[in-house]
Amino acid sequence: MSGPLAARDVLEPLLDAFGGIASDRGTHIHIGRSVPLAVKSLAGPDFAMPEAGGDSVVRQVRAQSGELPGEVRLGAWDIFGAYQKRLAASRRLEGGSLDIQTIDLPASSSPDRMQIEADRKLNRLWRDRERITFETGIDQIALEPGDVVELSSLPGRTAAEPLLVRLTAVEDTDRRRFEAVRTGQDLATGAPVPLPGQPYRPGDPSPPAALFLDLPKLRDDDPDDHVRLAAFAKPWPGGLQVLRSPASTGFEPLLTVPVPAVMGITLTELMPGPLWVLDRRAVLDVKLFGGTLTSLPLETVLAGRNALAVRCRSGGFEILQFTTADLIAPSTYRLSGLLRGQKGTEPEMQAGADPQADTVVLSDGRNPLVPLDTDASGLTFHYRLLPQGAALDDPSALALTHRSNQRAARPLAPIHIRARREAAGIRLSWIRQTRTGGDSWEQAEVPLGEESEAYDIRILSSGGGAVLRALSSGSPSVLYPEDDITADFGAVPTHLSVAVAQVSPRAGRGDERKAVLHV
């Protein structure tokens with residue numbers, strides 16, 4: 001197992017592959033192998049009478065051949081092959097669809113045993129293709145899911161052969177309603193036959209590709225100190241262990257990366273683009289190390305899908321989204337329908353990105369959070385990424401260092417800066433953005449997202465370079481007094497260059513927004 005998992009996630013694939021049954025008995029879960037021995041035989045009088053105007057109390061549904069897989073593949077680690085992953089396949093020679101059912105097991109076994117179980121699994125899929133529902137009186141209270149029952153002398157089908165069924169669900173009302181599948185003997189197999197050949201063994205794995213992502217909050221429950229990690233290796237070793245140390249020695253386990261990220265590089269330059277609107281003209285070509293991209297409707301993209309982090313010239317990451325992904329070469333996509341500077345990454349977007357820039361698809365589960373205490377933000381840590389069980393000096397280990405820049409804690413730049421002449425001077429106003437809880441359209445005002453509200457306002461020279469005066473405010477407006485205007489400009493200017501930033505008690509001055517205002 002790649003890390004802590006729920007027991008259900010581990011047991012369900014094994015029960016499915018080996019024909020096991022897990023039944024909820026109220027006080028406990030009973031796990032056992034399906035044995036085709038009836039614990040009860042039900043005949044005509046045992047079945048409930050149909051309700052007025054209702055259907056028969058016994059109903060059968062048989063899956064069509066085209067709905068069933070024509071091949072089953074079981075994957076497990078080969079105990080005789082240096083624990084390399086190996087597949088055992090069983091294929092139906094006639095009937096069935098072209099679908100292949102693949103079960104990747106968190107288990108180790110011999111190849112011949114896996115071959116037997118693959119044959120049995122395929123046989124069970126076709127044997128259990130009939131679904132039966134029937135109803136009895138409440139006197140059959142002893143029957144539980146997992147029991148095997150023989151149905152004979154069915155109402156209206158007195159000449160039919162008895163059915164051997166396994167109960168899968170029970171519903172109790174004024175009668176008992178059962179759902180079941182038709183069952184029978186498992187496929188008979190002889191002694192295991194050693195399989196020819198050797199399992200495929202790749203060469204020594206190379207170090208993975210990995211990136212630490214200092215991003216704004218992607219989810220409201222992300223901590224302010226969070227850093228995300230993206231890692232990719234081919235072949236994927238089943239999971240990567242991440243260790244950390246404040247020095248180059250003394251590494252301690254930190255987390256496990258269970259699945260690879262979808263990563264790659266840009267092939268074209270990414271220039272600054274428009275904010276808050278869909279850019280239908282710009283395109284971005286990316287080449288992936290592995291994985292795929294898909295086009296999605298705009299409504300789905302607006303709900304957060306198809307998000308991509310691109311490393312910009314400033315060193316930070318712009319978060320953009322795309323609606324269209326066209327495959328133009330192997331593992332190469334042309335992205336269009338772009339939404340730029342998402343989640344407050346406008347400063348990074350303005351820097352643009354060069355070809356060969358790192359890219360990471362942001363998706364749940366593939367970019368895990370790196371645990372980081374508040375007092376550790378800003379400190380440089382040493383990391384090692386390596387396959388589980390490998391030594392620190394293994395050739396497949398990757399050494400990295402990283403220092404968090406508290407990007408997630410930095411306030412976002414205010415928007416809609418305005419200037420209005422008053423008798424006492426010039427009134428500047430703006431609308432703040434929030435780092436958390438601001439997606440709902442039903443809110444009259446978005447949450448503050450900070451411990452207190454504070455702003456730093458700078459009056460710039462006409463060229464926008466030199467800072468002539470600094471003001472502060474505890475609300476989204478401030479008065480630039482008449483006396484200060486005269487001291488700074490000699491007279492009231494027709495245009496005013498300003499820079500406004502929200503201030504956090506923890507992260508300091510956030511991203512600023514500059515504007516040239518007509519007064």
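See the structure above.
This report concerns the structure included in the present document. Computed from a predicted structure; not experimentally measured.

1. Notes on the pattern of salt bridges
Pairing between side chains of opposite charge can happen when the charged atoms of each approach one another.
No. 1: Taken as a whole and assessed by the stated rule, the structure comprises 36 salt bridges.
No. 2: For the salt bridge of glutamate 348 with arginine 407, the shortest nitrogen-to-oxygen distance reads 2.9 Å. You can see glutamate 348 sitting in helix H4 (residues 346–351) and its partner arginine 407 sitting in the loop between strand S24 (398–403) and strand S25 (415–422), a full 59 residues away along the chain. An identical accessibility class is assigned to glutamate 348 and arginine 407; each is buried.
No. 3: The residue arginine 458 makes a salt bridge to aspartate 456 at a minimum N-O spacing of 2.9 Å.
No. 4: Exposure remark for arginine 458: the relative accessible area of 29% places this residue in the partly exposed category.

2. Points about helix H5 (residues 482–489)
No. 1: Of the residues making up H5, those classed as buried are Asp484, Ile485 and Asp488. Each buried residue of H5 lies within a common arc of 100 degrees when the element is viewed along its axis, so the set occupies one face. Of the exposed residues in H5, the ones pointing more than 90 degrees away from its buried face are Asp483 and Ala487.
No. 2: Check the buried side of H5 and you find it contacts strand S26 (425–431), strand S28 (467–473) and strand S29 (477–481).

3. Quick notes on the side chain of threonine 136
No. 1: With respect to the secondary-structure elements, threonine 136 resides in strand S8 (residues 130–136).
No. 2: The residues contacting threonine 136, other than those within four sequence positions of it, are Leu42, Asp46, Phe47, Ala48, Arg175, Arg176 and Phe178.

4. Observations regarding a nonpolar patch on the surface
No. 1: Taken together, the side chains of Leu11, Ile29 and Ile31 define a hydrophobic patch exposed on the protein surface, amounting to about 270 Å² of accessible area.
No. 2: Looking at the secondary structure, you find isoleucine 31 in strand S2 (residues 29–33).

5. Let's talk about the environment of arginine 421
No. 1: In this fold, arginine 421 is placed in strand S25.
No. 2: Arginine 421 gets classed as partly exposed once you look at its relative accessible area, which sits at 45%.
No. 3: For the pair formed by arginine 421 and leucine 479, sequence separation is 58 residues and the distance between their alpha carbons is 9.7 Å.
No. 4: The contact partners of arginine 421, leaving out residues within four places of it in the chain, are Ile426, Val492 and Val519.

Calculation notes
- The residue count restarts for each chain, going from 1 along the sequence in the order it is written.
- Local features in a predicted model are, by the rule used here, given only for residues with pLDDT of at least 70; side-chain atom pairs are given and counted only at 80 or more, and totals for whole chains, interfaces and linings are based on all residues.
- The basis for every side-chain value is the complete set of non-hydrogen atoms in the structure, without hydrogens or water.
- Criterion for a salt bridge: a side-chain nitrogen of Lys or Arg within 4 Å of a carboxyl oxygen of Asp or Glu.
- Secondary structure elements are taken from DSSP: a helix is a run of H or I of four residues or more, a strand is a run of E of two residues or more, and numbering for both begins at the N terminus.
- Exposure classes here rest on a 1.4 Å probe applied to the protein chains alone. A residue is buried below 20% of its type maximum, exposed above 50%, and partly exposed in between.
- Each direction from the helix axis to a C-beta atom contributes to the arc, which is the arc of those directions.
- Every residue pair with non-hydrogen atoms within 4.5 Å of one another is taken to be in contact.
- Only residues whose relative accessible area exceeds 30% and that form no salt bridge enter a patch; like-charged residues are grouped when within 9 Å of one another, and nonpolar side chains (Val, Leu, Ile, Met, Phe, Trp, Tyr) when within 5 Å.
- Only the protein chains shown count as cover for residues, and all accessible areas are computed by the Shrake-Rupley method using a 1.4 Å probe.

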